[in-house]
Each structure stands twice: as C-alpha cells, then as structure tokens.
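# Structural characterization, general
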Amino acid sequence: MEVYLYDGEEGHVENKEISQAVVSRLPRYFRYLGELKDEGIERISSQELSDIMHVTASQIRQDFNNFGGFGQQGYGYKVEYLYEEIGKLLGLDRTHNLIIIGAGNLGQALANYMNFERRGFLFRGMFDNNPALYGKEIKDMKIMPMEEMESFVKENQIDIAVLTIPKNSAVAVAERLVSCGIRGIWNFAHVDLNVPKGIQVENVHLSDSLMKLAYNINQFGQENAL
C-alpha cells in the first residue's frame, strides 16, 4: 500500500510504502474506534487502546506513525478524528461498486449481508453459469448469465468482483475480469490468483482459518495435558 504524506514543506509530498502487516490491522482499529465513538468516548491514549485491543501501545504508535501520527504526545488521540482518518485510508469515504460471480449459498449470503452496504460496498449485479438461476432475485439483484458480465462491468463502473466459484473456473474468470477493467478481486475460490500488477487481489481461504483454529485448540490441549 502506498501512502502520500506531506513532510511539512510546501508542495513536497513523500511517497511511503506501507507494509501489508500494518494494512491488515487497519480494519481492526477502525472497528474498535467505531465502538468507542458509539459509546461517546472522545479521546483515548495508545495505552488505553492497547488494553482494549490486546496490541502493544508501541505497536499502535508505530502503526499510526506510518500515516503521520494522528495525535499529540501525552495528549492521546481524538476518537472520532482517528476513526474518520482510518476510514479514509481504507477507502470508506467513497462507495465501491461490486459484482458477485457465483450465485450459490456463499454468494447469496454475502449479497444479503447488510454491513457491507453500510460501509459503502454496493452490490450491483450477480452472475452464474447455471441457467436455472437466471432471473432469480437476490436482494433486488437478478442473477444474470456470465455472457453479460463484461458489458455489465463496463456500463456500471464496477471496481470489485467477488468470486465464490469453484477453483477450476476461477482463473479463467479472473482473466476475463482483468480484461474488462476490474480493479480488485475478493477471491473465495480455493486457488491463489496471479493477476497483472495494479490489480488487487484478496484471497480468502475459509478452510485455512478453520485449520488454524484447530491447530490452536490442539496445542492448548497438549499444554494442559503436561
């Protein structure tokens, strides 16, 4: 992730590369700050945020310093301001148009999840290769055939595609999406996608998360047995 920061000199901008480890923590900061804001808390220190999030205060300060700091030493952070600034970094100050490729159970569940819309992620269309599903409505969207995907992406300024399809067709579909100008792919297919530079891909392997949980359960059980 590249972030452009003013270094204090008029007209001079610093281009800073931010690690994916830091980027991966931003949504969690945003979520906790949103809860604090809803509770009416106006200001918080890095140590207080550390106690809530179980991330060290030094890590929090280091993360925020990547983006200019957001606060004053000994004075803490304004919760609402920090929430809004992290929201901007995450692109939540604008809307994103999405389509779903794959109208099975997972695709339908994602389409019906209201929290995406509250964050500015708007599902505009849904596609599948099963003729039996064509015309079926999911949250005010009619399922369309794959043949209509390219024209729909271009006509509706779609920037993100969600893949909830088998891995044997995901690579070919991703290539089609790239060719029609998609900017990002949220990939639930069980295959890692290799796309041209400039196209952002977030691979989500649900079974990996479950296996990680199983590992931790297993390790905890062995520790207790000692």
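Residues numbered from 1 in each chain as written. Predicted model: local features only at pLDDT ≥ 70, side-chain atom pairs only at ≥ 80, totals over all residues. Heavy atoms only, no water.

### Brief notes about the nonpolar core
Membership of the largest hydrophobic core comes to 22 residues, with the highest contact counts inside it found for Tyr29, Leu33, Leu49, Phe64, Leu82 and Ile86. The set of elements that each furnish at least two residues to this core consists of α1 (20-38), α2 (46-53), α3 (57-65) and α4 (79-89). Residue contributions to this core peak at 8 residues, all from α1. Contact partners of Ile86, with chain neighbours within four places excluded, come to Leu26, Tyr29, Phe30, Leu33 and Phe64. Listed in part, the 21 residues of the second largest apolar core include Met144, Met149, Val153 and Ala174. (Core = buried A, V, L, I, M, F, W, Y, C linked by side-chain atoms within 4.5 Å. Buried < 20%, exposed > 50% of the residue type's maximum accessible area, 1.4 Å probe, protein only. Helix = DSSP H or I, 4+ residues; strand = E, 2+ residues; numbered from the N terminus. Contact = heavy atoms within 4.5 Å.)

### Observations concerning the side chain of His205
Looking at the secondary structure, you find His205 in the loop between β11 (200-203) and α9 (206-225). There is a polar contact of 2.8 Å between the side chain of His205 and the side chain of Asp192. When near neighbours in sequence (up to four residues on either side) are disregarded, His205 contacts Ala189, His190, Val191 and Asp192. (Polar contact = N/O pair within 3.5 Å; in protein donor to acceptor, adjacent residues only side chain to side chain.)

### Side note on the pattern of salt bridges
A complete count under the given rule lists 5 salt bridges for this structure. When the shortest N-O distance is used, the salt bridge between Arg94 and Asp93 registers 3.4 Å. A salt bridge links Glu117 to Lys139, with the shortest nitrogen-to-oxygen separation between them at 2.8 Å. Here the residue Glu117 occupies a position in helix α6 (residues 114-118), and Lys139 occupies one in the loop between β7 (137-138) and β8 (141-145), the gap between them amounting to 22 residues. Looking at Glu117, the relative accessible area reads 41%, which means it is partly exposed. (Salt bridge = Lys/Arg side-chain N within 4 Å of Asp/Glu carboxyl O.)

### Some details on α4
For α4, the complete set of buried residues consists of Val79, Leu82, Tyr83, Glu85, Ile86 and Gly87. Along its buried surface, α4 packs onto α1, β3 (43-44), α3 and β4 (77-78). Trailing α4 by a residue or two, Gly91 shows a phi angle of about 80 degrees, which is positive.

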